[in-house]
Protein chains: 2
Amino acid sequence: MANPIYVIGHQQPDTDTICSALAYARLKQAQGADVVPARAGAVNPETRFVLDRWDVETPTLIDDAAGDRLILVDHNEYSQAVSGARGAEIVEVVDHHRIGDVQTSDPIFFRTEPVGSTATILTHLYDEAGETIETETAGLLLSGLLSDTVVLRSPTTTETDRSIVERLAETADVDHEEYGKELLQQKSKLGEKQPREMVLSDFKEFEFGSNQVGIGQIETVEQEVVLDQRDAILAAMDEIVSERDFDVLLLLVTDVLGEESIALIAGSHTEAVEDALDTSFTDRGAFLPGVMSRKKQVVPPLEKTFG
Amino acid sequence: MANPIYVIGHQQPDTDTICSALAYARLKQAQGADVVPARAGAVNPETRFVLDRWDVETPTLIDDAAGDRLILVDHNEYSQAVSGARGAEIVEVVDHHRIGDVQTSDPIFFRTEPVGSTATILTHLYDEAGETIETETAGLLLSGLLSDTVVLRSPTTTETDRSIVERLAETADVDHEEYGKELLQQKSKLGEKQPREMVLSDFKEFEFGSNQVGIGQIETVEQEVVLDQRDAILAAMDEIVSERDFDVLLLLVTDVLGEESIALIAGSHTEAVEDALDTSFTDRGAFLPGVMSRKKQVVPPLEKTFG
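Computed from a predicted structure; not experimentally measured.

Undergrad: Can you help me understand the side chain of A:Ser79 in this one?
TA: All names here are of chain A. Looking at where Ser79 falls in the secondary structure, it is placed in the loop between strand E4 (69–73) and strand E5 (89–95). Take Ser79: its relative accessible area is 14%, and that puts it in the buried class. At a separation of 2.9 Å, a polar atom in the side chain of Ser79 contacts the main-chain carbonyl oxygen of Glu205. Those residues in contact with Ser79 that lie beyond four places of it in its chain are Gln11, Arg86, Glu205 and Phe206.

Written out as structure tokens, the structure is:
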């Protein structure tokens with residue numbers, strides 16, 4: 001008997017990645033496919049809250065996907081995928097990020113849209129398939145959407161996201177602002193974290209030309225709680241750079257209510273990063289007014305500079 | 001004022017590529033976008049017949065797209081795109097081929113589905129946008145679909161293609177079998193062609209690992225008319241290999257009614273191609289029973305062997 005197909009999001013999974021794997025697996029199962037929701041790493045506290053709130057089982061942890069068949073959700077670059085993905089067969093992609101480096105031998109279903117969350121696109125896919133979105137699934141999709149758009153405050157938010165949030169909130173029977181605030185509070189539970197954990201808990205790797213670039217992000221309503229540990233965080237970043245051979249390591253500490261970020265830097269290309277982001281670093285920190293989105297405001301200029 | 005966005009298909013354009021550029025440009029224009037249908041090469045006789053039949057203007061020829069913004073239809077690899085595409089900004093992709101090497105800095109709308117034609121996916125996009133498909137546009141989409149699926153006979157044909165053909169034929173007010181036969185007759189007008197033209201008229205280039213692989217295809221109801229010129233065609237293929245540095249050059253001469261192909265080969269890796277296609281070449285020709293689709297039956301095994 002053939003192995004099932006795993007529906008799986010990126011490493012250092014966030015709420016949109018986990019909820020998208022769950023919601024898309026449900027849709028495929030409703031259509032008769034043998035698929036299993038999976039994950040490429042530990043579930044963060046916000047996502048744990050969501051899974052408990054909607055009483056949904058945690059997706060299966062995959063250590064090595066070599067030889068498996070995968071549906072990638074919420075990412076489409078190998079550097080962000082589960083280990084072994086290069087040796088797996090990619091059978092579908094549903095994502096809202098830039099187009100990465102996945103290539104296939106056969107034509108597949110590959111769908112990206114420039115919207116605020118993968119959950120938004122999955123809502124379209126339910127509609128197109130004529131499948132009803134049940135309460136629990138609506139709760140998962142709403143959580144992914146609100147988490148990824150910082151409760152519709154991120155500049156990645158589109159009109160489509162706004163109208164879908166209304167509809168999902170109605171089906172899930174919650175007030176989206178109120179529920180969104182509960183999510184934000186989970187995101188902000190930073191005091192308990194170690195510096196290394198802070199850098200890596202929402203972390204993405206990119207290959208820009210020959211450069212390995214890592215970009216972590218902490219979205220918080222208490223920026224000062226993070227910056228109080230600045231020296232320890234910078235030391236952790238230096239450690240990660242030397243362990244994992246990064247050319248550039250950035251950590252965005254994003255104030256989700258003030259809509260601005262402080263970037264911390266490690267690695268060896270500070271000047272190029274200054275040019276790319278049109279800023280300057282003092283003591284390895286730079287102020288980025290208006291910057292909330294790694295994907296939309298940080299990755300593109302860095303890719304242009306390093307790519 | 002900003003330049004328009006060009007909606008453009010692959011080099012050596014076929015009917016699906018040209019009709020998709022036209023039909024998608026119409027949809028985007030209906031939505032208020034400043035887009036222009038374009039093409040990357042000369043229109044073939046079948047497509048000329050279609051444009052005349054539906055009284056539609058030929059898309060603008062683009063020589064060099066560097067610096068332009070492009071919507072790619074019916075392809076998503078740079079080796080098949082208009083010259084200068086690597087220096088262009090890719091703003092959307094709609095296609096039904098394998099996932100190629102396009103990467104972007106920003107998230108974009110990227111949509112591939114494993115169906116028989118790009119026209120099939122565009123019909124979905126009209127529906128999703130709630131836009132009516134007018135008679136002329138239905139004629140274009142129907143032509144792309146029937147041409148790419150060899151009037152629903154290719155193994156790439158899906159149930160979706162079949163149901164969309166019925167609907168488009170009704171809107172366009174034609175009998176799809178009858179209209180399809182008219183198209184096939186255009187495709188078969190080979191007697192007038194020079195050997196070099198035969199090899200290159202429907203030709204795609206691939207980079208598999210470090211290997212440059214070119215695969216031409218002639219779909220015909222008169223295989224013997226082509227094979228009568230076998231020696232001249234092989235000489236033309238040798239010429240193309242040395243001019244353009246191909247490692248492998250294949251020409252599939254496909255009998256669309258008999259549902260089989262003869263492959264002719266040039267270049268330096270005959271044994272590897274034999275392994276990949278599970279066949280053997282005699283005097284540089286091999287019989288491929290059941291093989292009608294370059295995309296589905298020839299590209300994947302070659303990519304596995306050379307990639």
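More follows now that the structure is in view.
Undergrad: What am I meant to see in the packing of aromatic side chains here?
TA: The geometry of an aromatic ring pair comes down to the distance between the two centres and the angle between the two planes. This structure, assessed with the given rule, holds seven aromatic pairs over all chains. When the ring of A:Phe206 is compared with that of A:Phe208, the centres are 5.3 Å apart and the planes differ by 20°; the resulting orientation is stacked. A:Phe208 matches A:Phe206 in its accessibility class, with the two residues each being buried. We note B:Arg53 situated over the ring of B:Trp54; from NZ or CZ to the ring centre the distance is 4.2 Å.

Undergrad: Just to check I follow, could you spell out the sheet that holds strand E10 (residues 260–267) of chain A for this structure?
TA: Working definition: the strands of a sheet are paired by backbone hydrogen bonds and lie parallel or antiparallel to each other. Residue and element names in this part refer to chain A. Pairing is mixed across the open sheet formed by five strands, whose spatial order is E7-E8-E9-E10-E11. Both outer strands of the open sheet, strand E7 (203–208) and strand E11 (285–289), are each paired with one neighbouring strand and no more. In this sheet, adjacent strand axes meet at a mean angle of 25° when their direction is disregarded. Set on the sheet, helix H9 (residues 230–244) makes contact with E7, strand E9 (248–255), E10 and E11; between it and E10 the angle comes to about 45°. Along the sheet face, helix H10 (residues 270–277) touches E9, E10 and E11 and points at about 45° away from the line of E9.

Undergrad: Help me understand unusual backbone geometry, please; the structure alone is not making it clear to me.
TA: Excluding glycine, residues mostly carry a negative phi; peptide bonds, for their part, are mostly trans. The phi torsion at A:Asp74 lies on the positive side, around 65°, for a residue other than glycine. Note on placement: A:Asp74 falls in the loop between E4 and E5. Judged by its relative accessible area of 0%, A:Asp74 is buried. The phi dihedral of B:Val151 is positive, around 50°, even though this residue is not glycine.

Here is what the cut-offs are and how they apply
Residues numbered from 1 in each chain as written. Chains lettered and ligands numbered in written order. Predicted model: local features only at pLDDT ≥ 70, side-chain atom pairs only at ≥ 80, totals over all residues. Heavy atoms only, no water. Helix = DSSP H or I, 4+ residues; strand = E, 2+ residues; numbered from the N terminus. Buried < 20%, exposed > 50% of the residue type's maximum accessible area, 1.4 Å probe, protein only. Polar contact = N/O pair within 3.5 Å; in protein donor to acceptor, adjacent residues only side chain to side chain. Contact = heavy atoms within 4.5 Å. Phe/Tyr/Trp six-rings, centres within 6.5 Å; stacked < 30°, edge-to-face > 60°. Lys NZ or Arg CZ within 6 Å of the ring centre and 35° of its normal. Pairing = 2+ DSSP bridges. Axes fitted to C-alpha atoms, helices over the stretch in contact; angles between N-to-C directions.

Just distances and angles here, no functional claims.
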